[in-house]
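Residue strings, one per chain:
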Amino acid sequence: MQFENYNYKNKNLFCEEVNLREIALKVGTPFYVYSKKSLKNRYKEFSKSFKSIDHKIFYAVKANSNLNIIKLFYEFGAGLDVNSGGELYRALKIGANPKNILFTGVGKTEDEILTGLRHDIFLFKAESFQEIELMNKLAKQESKKARIAIRVNPNVDPKTHPYITTGLYESKFGIDQASAIEAFKLASKLSNLEVIGIDMHIGSQITDISAFQEAIEIIVQLIGELNNIGINLTHLDIGGGLGVQYNSQSTPSASDFANAILPLLNKTNCKIFFEPGRYLTADSGALVSKVLFTKNHRDKKFLIVDAAVNDLLRPAFYKAYHHILPLKDETSKKITYDIVGPVCETGDFFALDREMNELHPNDFIAVMSVGAYGYCMSSNYNSRRRVPEIIVDKDKFYIATIRESFEDLIKNEKIIDELFVN
Ligand code: LLP
């Protein structure tokens, strides 16, 4: 399998023009690294695929919320899709104009809605009747009109992992299709709301484009029905969800995606919004880790590395497959390993029964395609410090996030002396 912008030169794995081993020796391991070129290429490719329609891409900040990555996409021309007060804070921190921000989420708090209203963000997406009422009430309180879109759950199976399936009735997201018209009628009667759009997001890591087609057809039909009752929408947000290639199975590109859905999108006059996250960031990133030990339990061979499940949750949480490459490709001897971390959980693995080059203590590996839902889902479990994030630009690398200190781990805790008097 080929990795854009990650290549071997003289048997050393490079990200763009930087030898990853050089970063490992300077910064220590583990660390995340991202290729700026990959982020830019993916954004341009996605945008170019839809150049024939009036559209805007809102980068889904949750996929990788590093300030620099958000800022890069913003500078490439994207708006930002945020899912919490924290993501909104990050978007504003990089200087994004609130007119380029969408606020998503099935459970926004009053404070989050108020913050969005006070900054006059472009669009809130409402996911329940109660949220529609609440948005109206808070907008009135602030003497504002909130622009909203209603997220509809079209009950379409995106055929992806159940934990990232969001467009079926049994998942908590959106307003079910059968109640959608009623929700739009309610919202359009409320005086402090301006209902401009309809929204869907059926899941993530979707590789079967027919699921998008099925859902878009339902939504486009709804736009027509709403039009017939005098509710004229100007924006259609089809969410994110386009998958990437994690294993050897081939996956659709942005242009395959565009060719499949453009004929359907062309049936409306709405401006189209997209919220990709993974497609833009996953392939840009690698997690570099050092081999601490190798050991055998009879026939079973373990590679114990210094990164762990707290640094990258995806293999444990979704049984996700990630390619793993040695930083030095200098042997033809292959061994089948379980590649595991130091955390005291059997779920702490990056790969099971994986055939790899033979490796030894102090060798380095790179877990590939981790630029989406990697660092941003990491934790401090086992009191492990969060790792650095590095961005490579041609022959230079920059530390975008420093490694946490032990002091950082306890900075919000205090010892309560009264507890220890008796
Ligand atoms: N819009 C909404 C409303 C979303 O909920 C999501 C992702 C996106 C856009 C971006 O979807 P993408 O293009 O990245 O598929 N942690 C999981 C993925 C969770 C996705 C959550 N929602 C993973 O590691 O696979």
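Residues numbered from 1 in each chain as written. Predicted model: local features only at pLDDT ≥ 70, side-chain atom pairs only at ≥ 80, totals over all residues. Heavy atoms only, no water.

**Section: the domain arrangement of the protein chain**
Each domain of the protein chain was delimited in the assignment, giving domain 1 (6–34 + 282–410) and domain 2 (36–279). Each of domain 1 and domain 2 has a C-alpha centre, and these two points are 32 Å apart. Taken together, the contacts link 22 residues of domain 1 with 21 residues of domain 2. Overall, the association of domain 1 and domain 2 removes approximately 1900 Å² of surface from exposure, summing both partners, and the carbon and sulfur fraction of that is 54%. Ranking the residues of domain 1 by area buried against domain 2 places Asp283, Tyr318 and Tyr373 at the top, with a combined share of 27%. If you look at where domain 1 meets domain 2, you find two salt bridges. The interface formed by domain 1 and domain 2 contains 10 residue pairs in polar contact (both at pLDDT 80 or more). (Domains from an automatic or database assignment. Contact = heavy atoms within 4.5 Å. Buried area = accessible area lost by both parts, 1.4 Å probe. Salt bridge = Lys/Arg side-chain N within 4 Å of Asp/Glu carboxyl O. Polar contact = N/O pair within 3.5 Å; in protein donor to acceptor, adjacent residues only side chain to side chain.)

**Side note on the confidence of the model for the protein chain**
This prediction gives the protein chain a mean pLDDT of 97; 100% of its residues lie at or above 70. When mean pLDDT is taken per element in the protein chain, strand β4 (residues 31–35) scores highest with 99 and strand β10 (residues 175–176) scores lowest with 95. (pLDDT = per-residue confidence, 0-100. Helix = DSSP H or I, 4+ residues; strand = E, 2+ residues; numbered from the N terminus.)

**Observations regarding helix α4 (residues 85–93)**
For α4, the complete set of buried residues consists of Glu87, Leu88 and Ala91. Taken end-on, α4 shows its buried residues confined to a sector of 100 degrees, consistent with a single buried face. In α4, the exposed residues that point more than 90 degrees away from the buried face are Tyr89 and Lys93. Looking at the packing, one finds that the buried side of α4 touches β6 (79–82), β7 (101–103) and α5 (110–119). (Buried < 20%, exposed > 50% of the residue type's maximum accessible area, 1.4 Å probe, protein only. Arc of directions from axis to C-beta.)

**Comments concerning a nonpolar patch on the surface**
On the surface, a nonpolar cluster with roughly 470 Å² of combined accessible area is contributed by Ile415, Ile416, Leu419 and Phe420. Locating phenylalanine 420 in the fold gives a position in the segment after α12 (406–409). (Patch = residues over 30% accessible without salt bridge, like charges linked within 9 Å, V, L, I, M, F, W, Y side chains within 5 Å. Areas by Shrake-Rupley, 256 points an atom, 1.4 Å probe, with all protein chains shown as cover.)

**Some details on the pairing of strand β2 (residues 12–15)**
Of the two faces of β2, the one lined by Asn12 and Phe14 and the one lined by Leu13 and Cys15 are each fully buried. Sheet analysis places strand β1 (residues 6–9) next to β2, joined by four bridges and oriented antiparallel. Residue pairing across strands places tyrosine 6 opposite cysteine 15, the latter belonging to β2. Where β1 folds back on β2, the antiparallel hairpin that results is connected by two residues, among which asparagine 10 adopts a positive phi of roughly 50 degrees. In the sheet, β2 pairs with strand β3 (residues 18–19) via two bridges, with the strands oriented antiparallel. Bridging across to β3, cysteine 15 finds its partner in valine 18. If you look at the hairpin formed by β2 and β3, you'll find two residues sitting between the two strands, and glutamate 16 has a positive phi there, around 50 degrees. (Pairing = 2+ DSSP bridges.)

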